[in-house]
Amino acid sequence: MNAALQAIPQIDSPQDSRALRTALGQFATGITVVTTRAADGAFVGLTVNSFSALSLEPALTLWSLRCSSPSLPVFEKAERFVVNVLAEAQVEVSRRFALPLADKFDGVAHAENAWGLPLIHGAAAWFECRTVSRQFAGDHCLFIAEVERFTLSEAAPLLFHAGGYFALGSRL
Ligand SMILES: Cc1cc2nc3c(=O)[nH]c(=O)nc-3n(C[C@H](O)[C@H](O)[C@H](O)COP(=O)(O)O)c2cc1C
């Protein structure tokens, strides 16, 4: 193996865990804010980059939520949620929804969809989803959801790689 490559057969020390995070950071993703509404009517949302397309027919998507998140009980009860795919101008929205704030929506322009769930203004795309399956896996809960409605804008997407935010580069 090339000396520059690092093989880590087992992950059992904090250093290994850091190395795993670094390696996972090599997988560049988009950024979303997943939003829903609690039983008391309060809007809930968090920054998520585990979102992924799963199936086209039927249209299914997936994302995972940390078990220790205070948002978990809300998403477990909610039938529906919205995946707001952030645009490159929305770095501050991503930062805000990754913080444990009492009202993350304060100062963030949004509208409500047909089910009263928040659609964040300025996003690159919106997927309005209905949860079809929840499964605990390790320290996360995996949500699989049917896409009931989707909308896209012309805004360029925000990217995340190696712990930092990026804009799209040149097409190869
Ligand atoms: C770029 C980025 C991606 C993230 N992706 C996820 C994710 O996929 N799942 C998750 O549970 N938390 C993810 N987080 C962390 C949550 O956004 C953060 O823990 C947030 O505070 C959770 O909200 P809560 O405290 O209301 O549960 C991510 C954070 C950042 C900055």
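In the nomenclature of an unreviewed UniProt entry, the protein is known as Flavin reductase of Polaromonas eurypsychrophila. The UniProt entry for the protein carries this comment under Sequence similarities (unreviewed entry): "Belongs to the non-flavoprotein flavin reductase family."

Novice: Give a detailed account of the overall build of the protein, specifying residues and quantitative values.
Specialist: Broken down by element type, the protein carries three helices and twelve strands. Along the longest, intermediate and shortest principal axes, the C-alpha atoms of the protein span 55 × 40 × 40 Å. Evaluated residue by residue, the protein yields a buried proportion of 36% over its 172 residues. Considering only residue pairs separated by 6 or more positions, the protein has 62% of its internal contacts joining residues 24 or more positions apart. Of the roughly 10,500 Å² that the protein leaves accessible, carbon and sulfur atoms contribute 57%.

Novice: A description of the pairing of strand β2 (residues 32–37) should follow, citing residues and the corresponding values.
Specialist: Taken across its six residues, β2 has five buried, putting it largely inside the fold. Of the strand pairs in this sheet, β2 and strand β3 (residues 43–48) are connected by six bridges, and their pairing is antiparallel. For Arg 37, the partnering residue across the bridge sits in β3 and is Phe 43. The hairpin formed by β2 and β3 contains five residues between the paired strands, and Gly 41 there has a positive phi angle of roughly 95°. The pairing of β2 with strand β6 (residues 80–85) spans four bridges and is antiparallel. By the bridge assignment, Val 34 is partnered in β6 with Val 83.

Novice: Describe the sheet that holds strand β11 (residues 159–161), naming the residues involved and giving the relevant values.
Specialist: Within the open sheet, the three strands sit side by side as β1-β11-β12. Their pairing is antiparallel. Sheet topology places β1 (29–30) and β12 (164–166) at the edges, where each strand pairs with a single neighbour. Pairing of β11 with β12, which is carried by three bridges, proceeds in the antiparallel orientation. Opposite Leu 159, over in β12, you have Phe 166 as the bridge partner.

Novice: Give me the lowdown on a nonpolar patch on the surface, citing residues and values where you can.
Specialist: Together, Ile 11, Leu 20 and Leu 24 give the surface a local cluster of nonpolar side chains, amounting to about 280 Å² of exposed area. Within the fold, Ile 11 resides in the segment before α1 (14–24). On the basis of relative accessible area, Ile 11 is assigned to the partly exposed category, the value being 49%.

Novice: Would you mind going over the site of the ligand in detail, with residue names and values included?
Specialist: In the neighbourhood of the ligand, 18 residues make up the surrounding shell, with Thr 47, Ser 50, Ser 64, Arg 66 and Ser 69 lying closest. A distance of 2.9 Å separates a nitrogen atom of the ligand from a polar backbone atom of Ser 64. Take Ser 71: an N or O atom from its side chain is 2.9 Å from an oxygen atom of the ligand. Here the ligand loses 82% of its free accessible area of 640 Å² to cover by the protein chains. Among the cavities detected, the one that contains the ligand is the largest pocket.

Novice: Hey, could you go over the layout of surface pockets for me, with residue numbers and the actual values?
Specialist: In this approach, a probe sized like a water molecule rolls over the atoms, and the result shows the empty space that is left. Reported here for the largest pocket is a volume of approximately 1,300 Å³. The wall of the largest pocket is formed by 41 residues, among which Thr 47, Val 48, Asn 49, Arg 66 and His 140 lie closest to the centre. Those elements that provide at least two residues to the lining of the largest pocket are α1, β3, β5 (60–66), α3 (91–97) and β11. When residues of the lining of the largest pocket are assigned to their parent elements, the largest contribution, six residues, is made by β3. Across the lining of the largest pocket, the residue classes tally to 21 nonpolar, 15 polar and five charged.

Rules used throughout
Residues numbered from 1 in each chain as written. Predicted model: local features only at pLDDT ≥ 70, side-chain atom pairs only at ≥ 80, totals over all residues. Heavy atoms only, no water. UniProt positions renumbered as here; feature names shortened; annotations may be inferred. Helix = DSSP H or I, 4+ residues; strand = E, 2+ residues; numbered from the N terminus. Buried < 20%, exposed > 50% of the residue type's maximum accessible area, 1.4 Å probe, protein only. Contact = heavy atoms within 4.5 Å. Areas by Shrake-Rupley, 256 points an atom, 1.4 Å probe, with all protein chains shown as cover. Pairing = 2+ DSSP bridges. Patch = residues over 30% accessible without salt bridge, like charges linked within 9 Å, V, L, I, M, F, W, Y side chains within 5 Å. Salt bridge = Lys/Arg side-chain N within 4 Å of Asp/Glu carboxyl O. Near = heavy atom within 4 Å. Polar contact = N/O pair within 3.5 Å; in protein donor to acceptor, adjacent residues only side chain to side chain. 1 Å grid on protein atoms, 1.4 Å probe; cavity = no way out; pocket = protein on both sides within 12 Å on 5 of 7 lines; lining within 4 Å. Sits in = over half its atoms within 2 Å of the grid points. Points joined across faces, edges and corners; volume = space filled by probe spheres on them. Nonpolar A, V, L, I, M, F, W, Y, C, P; charged D, E, K, R; others polar.

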